[in-house]
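Here are the chains, one letter per residue:
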Amino acid sequence: MMGLARPALRRVPDIGFWKLCGSGTGEGFTPIPNTGVYAILATWPNLKIAQKRIESALIYQRYRRKSEESYTLFMSPVSARGAWSGVTPFKSHPSKARGPIAALTRATVNPIAALSFWRRVPDISAVIGQDPNVAFKIGIGEVPLLHQITFSVWPDTEGMANFARKDGPHARAIKAVRDGNWFREELYARFEILESRGTWHGADPLEHLKAAA
């Protein structure tokens, strides 16, 4: 369905920018594909339309029928910079909401830098996995090894910023990216979480954040 769903997705009314992505093994932050976990990212005119189309569109219904489990996050972009496939997919709407907040990074890795990039990934994955603030995280991608996306959810901007700025594997990897020109294209976006539906490993990983809010 990763290939055959593309024509059907193009025909979904109101859908904007969209991508079908696979994932890596474990939490996704590995170059080894996980054939059991896939992600659909799509933009919509507003929340009401997004909810309606994801519920009623035949291709989404088909995915759910063939899945053991599905999990959907509805989000509103609060900041975005960079490009994805040559376009700017997210129109940001600044918000004063404190959290929870999601962070998405997407990059096209220069082939000559791919080995250096993937050498850094296990250390970063270990650190983010140990961070008590991160509520949800996954690594996905359009093309194995070269088109990579990281997605994570945090209770607030402070917790996310602390992880990004503190010295460690992540900060050193960012410096290496800049010094070595590893990426041909980059996009960084933050989102306000509006709603979650379904389960991930039997539960909603954001349930405790909702309770706190």
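Computed from a predicted model, the values in this text were never measured in an experiment.

Here we look at the overall build of the protein
And then number 1: Helix and strand counts for the protein come out as seven helices and seven strands.
And then number 2: Listing the helices and strands of the protein from first to last along the sequence gives α-β-β-α-α-β-β-α-β-β-α-α-β-α.
And then number 3: Across the 213 residues of the protein, 41% fall into the buried class.
And then number 4: The long-range share in the protein, meaning contacts at least 24 apart out of those at least 6 apart in sequence, stands at 71%.
And then number 5: For the protein, the exposed area adds up to about 11900 Å²; of that, 54% sits on carbon and sulfur atoms.

A look at helix H2 (residues 47-56)
And then number 1: Looking only at H2, the buried set comprises Ala50, Gln51, Arg53 and Ile54.
And then number 2: By the N-cap criterion, in which a side-chain oxygen at the helix start approaches the backbone nitrogen of a residue two or three places on, H2 is capped by Asn46, the distance to Lys48 being 3.2 Å.

Concerning the confidence of the model for the protein
And then number 1: Averaged over every residue, the pLDDT of the protein is 82; residues scoring 70 or more account for 75%.
And then number 2: Per-element mean pLDDT across the protein ranges from 52 in helix H6 (residues 169-180) up to 98 in H2.

Thoughts on the nonpolar core
And then number 1: Formed by 22 residues in total, the largest nonpolar core has its most connected members in Leu73, Trp84, Phe90, Leu104, Phe151, Val153 and Leu206.
And then number 2: Broken down by secondary-structure element, the contributors of at least two residues to this core are strand S3 (71-82), strand S4 (101-109), strand S5 (136-143), strand S6 (147-154) and strand S7 (183-198).
And then number 3: Ranked by the residues each element gives to this core, the list is headed by S7, at four residues.
And then number 4: Not counting the four nearest positions on each side in its chain, Leu206 is found in contact with Tyr71, Leu73, Ala135, Phe136, Val153 and Ile193.

Reading the values: the criteria
Just so you know, the residues in each chain are numbered from 1, in the order the chain's sequence is written. With pLDDT at 70 or above as the cut-off, local features in this predicted model cover only qualifying residues; side-chain atom pairs require 80 or more to be listed or tallied, and sums for whole chains, interfaces and linings still use all residues. Heavy atoms from the whole structure form the basis of all side-chain values; hydrogens and water molecules are not counted. A helix here means a DSSP run of H or I that spans at least four residues, while a strand means a run of E at least two residues long, and both kinds are numbered starting from the N terminus. Between buried and exposed lies partly exposed: a residue is buried under 20% and exposed over 50% of the maximum accessible area for its type, with that area taken using a 1.4 Å probe on protein chains only. Residues count as neighbours in contact if any of their non-hydrogen atoms are within 4.5 Å of one another. Areas reported as accessible are Shrake-Rupley estimates using a 1.4 Å probe. Residue values count occlusion only from the protein chains shown. Side-chain atoms alone can form a polar contact between residues adjacent in sequence; in general such a contact is a pair of N or O atoms within 3.5 Å, and within protein one must be able to donate a hydrogen while the other accepts it. Looking at any residue, its pLDDT shows the predictor's confidence there, from 0 to 100. Definition of nonpolar core: a set of buried residues of the types Ala, Val, Leu, Ile, Met, Phe, Trp, Tyr and Cys, connected through side-chain atoms within 4.5 Å.

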